[in-house]
Amino acid sequence: MNASTIINDDMTLEQKLEAIELAMKNAQEQANDEAKANGTTAAPIDPADLTMCEGCQ
């Protein structure tokens, strides 16, 4: 993914952060779908998610 395709200099910081978050969410969903189709489990974008419970995050 090329960052210039989702953010530009005219965007506010909040808009840039939202665009990055949406891109990461879409990438995770795509990885989950591909893993599900292959009968495997996708790794989370943030590896720390594997070591912490949701309450700790």
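The preceding data block contains the structure.
What counts and what doesn't
- Residues numbered from 1 in each chain as written.
- Predicted model: local features only at pLDDT ≥ 70, side-chain atom pairs only at ≥ 80, totals over all residues.
- Heavy atoms only, no water.
- Helix = DSSP H or I, 4+ residues; strand = E, 2+ residues; numbered from the N terminus.
- Rg over C-alpha atoms; globule rule 2.2 N^0.38 Å.
- Areas by Shrake-Rupley, 256 points an atom, 1.4 Å probe, with all protein chains shown as cover.
- Buried < 20%, exposed > 50% of the residue type's maximum accessible area, 1.4 Å probe, protein only.
- Contact = heavy atoms within 4.5 Å.
- Expected span 1.5 Å × (residues − 1).

**Focus on the overall build of the protein chain**
A count of helices and strands for the protein chain gives 1 helix and 0 strands. In summary, the protein chain has a C-alpha radius of gyration of 14 Å against a globular reference of 10 Å for 57 residues, an excess of more than 25%. Counting every atom, the protein chain has about 4,900 Å² of accessible surface; 53% of that belongs to carbon and sulfur.

**So, the environment of Ala43**
Turning to its location among the elements, Ala43 is positioned in the segment after α1 (13-38). Sequence-wise, Ala43 and Asn32 are 11 residues apart; in three dimensions their C-alpha atoms are separated by 8.2 Å.

**As for the environment of Ile45**
Note on placement: Ile45 falls in the segment after α1. Residue classification places Ile45 among the partly exposed positions, given a relative accessible area of 41%. Residues Ile45 and Ala31, 14 residues apart in the sequence, show an inter-C-alpha distance of 9.4 Å. Those residues in contact with Ile45 that sit more than four places away from it in its chain are Met24 and Gln28.

**Let's talk about α1**
With 26 residues, α1 should cover 38 Å at 1.5 Å per step; its first-to-last C-alpha distance of 37 Å lies within 8% of that length. Just downstream of α1, Gly39 is the residue with a positive phi angle, here 75°.

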